[in-house]
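Geometric and topological summary
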Amino acid sequence: MKPYVILSAAMTLDGKIATKTGSSEISGEKDLERVHKLRSDMDAIMVGIGTVLVDDPRLTVHKVPAKKEDNPIRVIVDSKARTPLNSRILNADAKTIIAVGNNADPFKINNLSDKVDVLVTNGEKGEVNLMELMDYLKNIGVNSLMLEGGATLNFSMFNEGLIDEIRVCVAPMIAGGKFAKTLVDGEGFDKMNDAVKLSFKESYILDGDLVLIYLVKNFF
Ligand SMILES: NC(=O)c1ccc[n+]([C@@H]2O[C@H](COP(=O)([O-])OP(=O)(O)OC[C@H]3O[C@@H](n4cnc5c(N)ncnc54)[C@H](O)[C@@H]3O)[C@@H](O)[C@H]2O)c1
Ligand SMILES: Nc1nc(=O)c(N)c(NC[C@H](O)[C@H](O)[C@H](O)COP(=O)(O)O)[nH]1
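Residues numbered from 1 in each chain as written. Chains lettered and ligands numbered in written order. Predicted model: local features only at pLDDT ≥ 70, side-chain atom pairs only at ≥ 80, totals over all residues. Heavy atoms only, no water.

**Examining the overall build of the protein**
Put simply, the test is: Helix and strand labels come from DSSP, where a helix needs a run of H or I of at least four residues and a strand needs a run of E of at least two; each type is numbered from the N terminus. With C-alpha atoms as the basis for the radius of gyration, the globule rule is written as 2.2 Å multiplied by the number of residues raised to the power 0.38. Exposure is judged per residue with a 1.4 Å probe applied to protein chains only, and the accessible area is read against the type maximum: over 50% gives exposed, under 20% gives buried, and values in between give partly exposed. Whether two residues are in contact is decided by their heavy atoms, any of which lying within 4.5 Å being enough. Where accessible areas are quoted, they stem from the Shrake-Rupley method and a 1.4 Å probe; at the residue level, only the protein chains shown are allowed to cover. Counted charges follow a simple rule, with Lys and Arg positive, Asp and Glu negative, and His plus the chain ends left uncounted. A charge is said to be at NZ when it belongs to Lys, at CZ for Arg, at CG for Asp and at CD for Glu.
A count of helical and extended segments in the protein gives 5 helices and 9 strands. The secondary structure elements of the protein, listed N-terminal to C-terminal, are β-α-β-α-β-β-α-β-α-β-α-β-β-β. The globule rule puts the C-alpha radius of gyration for 220 residues at 17 Å, and the 17 Å found for the protein is close to it. On the principal axes, the C-alpha backbone points of the protein span a range of 45 × 45 × 35 Å. For the protein, the residues scored as buried account for 45% of the 220 residues in total. Taking contacts inside the protein between residues at least 6 apart in sequence as the whole, the part at least 24 apart equals 67%. Accessible area of the protein: about 11,500 Å², with a carbon and sulfur share of 52%. Charged side chains in the protein number 27 positive and 31 negative. The centres of these two groups are separated by 2 Å.

Next up, the structure:
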């Protein structure tokens, strides 16, 4: 069992979601409003620890008018319980769940547990078991989940067949750089035959940004 998962991201025309230094202001104002409306429509929002460490995101609805109840549950994929104790995702603006791996330091888990819910999962090599996390979320009533990156987590989620839909903003910019993060990094697939297949659903322009929506053809 799993929630319906929408991958939401903004990238430059050359597919980068951040520069090599981690700078990632890509969407225009109109597009950010679209993303925050989507946040308010979803039960939960998930990012990887890499994104928490670089961006210190709030993961709340703050670009369109909203009440506290409109904020989705925040889910962090954090194998080693490295979330800093002063991170904004630990504030009281929304419920937060931190999923860790089975090798995470019990002391760090305890510190995080004082502030938010911590779920210990049994993934390979101490990583977060994403299937187990999806099952847990669905069981607590999360029917829709917005995946907001980053590049590494996006690949794992595709690799395990857990993404249903993609909504990506393509901004009229080129960032370049072989060390810049792309929409999907991770190990990648060996053969184009193994690439995730998509079907086009919709596209539109918001100021200069192109919004593309695709459905994932899952064969799992
Ligand atoms: N433009 C956008 O839409 C957008 C959105 C989100 C993030 N970003 C950018 O992406 C960058 C961060 O991406 P990233 O790839 O470094 O980090 P990430 O956010 O993808 O986090 C990856 C980390 O999660 C942990 N993890 C635990 N279990 C895992 C599993 N099963 N699979 C994968 N990861 C697992 C690992 O420690 C791994 O290194 C930042 O620069 C951020 O600004 C951009
Ligand atoms: N759609 C989109 N356009 C962007 O230009 C951008 N940088 C992100 N990136 C998403 C990522 O998860 C960021 O970390 C949060 O957007 C941080 O900001 P918040 O405080 O949560 O609003 N997403």
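On we go.
**Section: the site of ligand 1**
The criterion, for reference: When at least one non-hydrogen atom of a residue lies within 4 Å of a molecule or strand, that residue is treated as near it. Any N or O atom pair separated by 3.5 Å or less is treated as a polar contact, with the protein-specific requirement of one donor-capable and one acceptor-capable atom, and with residues adjacent in sequence counted only for side-chain atom pairs. The nonpolar class holds Ala, Val, Leu, Ile, Met, Phe, Trp, Tyr, Cys and Pro. Asp, Glu, Lys and Arg form the charged class, and all remaining residues, Gly among them, are polar.
Near ligand 1, the surroundings consist of 27 residues, among which Thr51, Ser79, Glu148, Thr152 and Ser156 are the closest. With respect to ligand 1, the backbone of Ala10 contributes an N or O atom lying 2.8 Å from an oxygen atom. Note that a nitrogen atom of ligand 1 is positioned 3.0 Å from one of the backbone N or O atoms of Ile17. Relative to its free-state accessible area of 870 Å², ligand 1 is covered by the protein chains to the extent of 88%. At the level of secondary structure, the elements contributing two or more residues to the shell around ligand 1 comprise β1 (4-12), α2 (49-55) and α5 (151-159). For the shell around ligand 1, the leading source of residues is α2, giving 5 residues. Class assignment of the residues belonging to the shell around ligand 1 gives a composition of 12 nonpolar, 10 polar and 5 charged.

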